[in-house]
Structure formats: structure tokens, C-alpha cells
Amino acid sequence: MGSSPMLKVIASGLTTPGWLALAAGVVLLSIHRVTKAKAAQTNPLPPMTPRAPTPTERKVLRDIRDDIFANRSEPNFDVPQTHQPATHWSPAVFAVIEWRRFEAVCEALFAQAGFQTRSQSHGADGGVDIWLHSANAQGPVAVVQCKHWQGKAVGVKEMREFFGVMASHQLKRGTYATTSTYTADAQQFAKANGISALDGPALLGLIAKRTPEQQQALLSVAHEGEYWRPTCASCGIKLLERTPTKGGAAFRGCSNYPKCKSRLPMAAAM
């Protein structure tokens, strides 16, 4: 362009607008940065540094956790293969059913013998599981205490307590029924005080004297519902499988926790 006067004029005319455009761009960029900085100062982001919860917050979290734990429901499931209903009576039936089913079997057994029975499924029973009534007498004529124990013999201490219950109701007859056995002292005390002590074999012997139809009826009572799952003695509902939040062996607990703190080990309840 230096060799032509005309081109020099054109080049000079283009140079000035170019510098002006560049200057305008620098100014606009500066304004944008200043505006962004002021906005950041006006609305700063909250700090992201984590902090430990306060004691109050920890208590709230524990309460929420316990509430979820207590009201957790278990899905329905089929009867385990090891818990399939038996077709005939044997010690295995007593071993697999829970304590409430055992009491129901005892009540049905006395009903078949002609007694009018009355039982209480849960709550404080005052040492009586079944009241026996006769059509020819007013009030109960005898009481029954049931112990679904496995591998532990009923001792004289339990027998003395039962005799005290009989005396408080002015009853001379009573039956103590257990899936287990009795110590020699307990048997001697029962014989001396009008208590019929029925252990597992003796109960099976009584059942064997019933008609085949009656035996099957008793089996139906034993296998009613989730017969292998323990019942809460306080609330009368089935206990659920629980896992301790702080670790340890699983157990069965009441779904009414924390109102009801009944619990049993996963092994067969005594």
C-alpha cells in the first residue's frame, strides 16, 4: 500500500475504526468482570465446611431411627421347609411350635375332656394360663399353668409359685403342663399338694388316647397361623426379627417398640 497514495488513504481510514473496536471490547470486558465481582460480594455462597451434629440433633436422629426400626414391617413369606406342619403327634411338634400355640393345644385338650375353658392370650395372667370350669359347679374348679420350655426342667420353685396361685383362689386342683421335664423335688412337691404335673411324654400319652379325629383337631390347633413365630407375651402379637443397630446377635422384638420392649433370642423361646 505504500506505493499507492490512494491505498494509503484507505488503510489509514480502516486503522482508526479497528483500534476503536478493540478499545470498546476491552472496556466491556472490564465492566463484566467488575459486575461479577460485586455480585459475588453481595450474595456469597454458604460455607461448605462440615460440622458435627449437636447433642439435640443427635437425639432427634436417634428418635427417627428408633421410630423407623420399631415400625418396620416384614414381608410375608412361606413357611420354612423345616416348619412344615406335621401329620402326626411327636416330640417334634412341641419343639417347633411357639409358647402360645402350646397353651392353645393344652386348652383344646382339656376342652375335649369335657371342661369349659377360659384363657388369656397375653398380658399379666397372675400365674394362670387356663381356667377350668365344670357345668356342675360355680366358678373355676381348677387352673392350668403351661411352660413351653426346651432343655430346661421345671423346678420346685416354679411348682411352689403355682401352688401359691391355687391357694389364693382357694382351689385344691391344678395342672402344670410343660414340654420339658420336672426335677425330682418338683415332682414330689406336686404329688404332695394335689398338682398334676404333665411333662412332654405325659402330654403325648394323653393325646394318644384321643380319637384320630381329635388328634388331628389338636394338630390343627398347634399349626394355626405362624405357629413357629413367638408371640409377644405383653401385646399378643407376633414378634419380628430384629438386628441390633450397634451389632450383635439377631433377636425377636415387639413391633410396638419402644412402648413394648419384649424380646426373645432367635433360638426357640422357653
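The structure we're discussing is the one just above.
Criteria and thresholds
- Residues numbered from 1 in each chain as written.
- Predicted model: local features only at pLDDT ≥ 70, side-chain atom pairs only at ≥ 80, totals over all residues.
- Heavy atoms only, no water.
- Helix = DSSP H or I, 4+ residues; strand = E, 2+ residues; numbered from the N terminus.
- Buried < 20%, exposed > 50% of the residue type's maximum accessible area, 1.4 Å probe, protein only.
- Salt bridge = Lys/Arg side-chain N within 4 Å of Asp/Glu carboxyl O.
- Contact = heavy atoms within 4.5 Å.
- Arc of directions from axis to C-beta.

## A word on the environment of Ile207
Mapping Ile207 onto the fold places it in helix H7 (residues 200-208). Assessed through its relative accessible area of 1%, Ile207 is described here as buried. Considering only alpha carbons, one finds Ile207 and Val105, 102 residues apart in sequence, at a separation of 10.0 Å.

## Remarks on the pattern of salt bridges
Counted by the stated rule, this structure contains five salt bridges. For Arg101, the salt bridge goes to Glu224, with nearest N and O atoms at 3.5 Å. Of this pair, Arg101 sits in helix H4 (residues 99-112) while Glu224 sits in the loop between helix H8 (212-222) and strand S6 (240-242), and the two are 123 residues apart along the sequence. Judged by its relative accessible area of 11%, Arg101 is buried. The partner of Glu161 in a salt bridge is Lys157, with the nearest N and O atoms 2.9 Å apart. Placement of both Glu161 and Lys157 in helix H5 (residues 156-168) is noted, with a separation of four residues, approximately one turn of the helix. Among the residues examined, Lys157 registers a relative accessible area of 53% and is labelled exposed.

## Section: the side chain of Gln145
Tracing the chain through its elements places Gln145 in strand S3 (residues 140-147). Those residues within four positions of Gln145 in sequence are excluded, and the remaining contacts are Gly127, Asp129, Phe162, Thr175, Tyr176 and Ala177.

## Let's talk about helix H6 (residues 184-192)
Along H6, the positions that sit buried rather than exposed are Ala186, Phe189 and Ala190. Along the long axis of H6, the arc covered by the buried residues comes to 100°, so they all point the same way. Along H6, exposed side chains directed more than 90 degrees from the buried face belong to Ala184, Gln188, Lys191 and Ala192. Contacts made by the buried residues of H6 are with H5 and strand S5 (195-198). Looking one or two places after H6, you find Gly194, whose phi comes out positive at around 70°.

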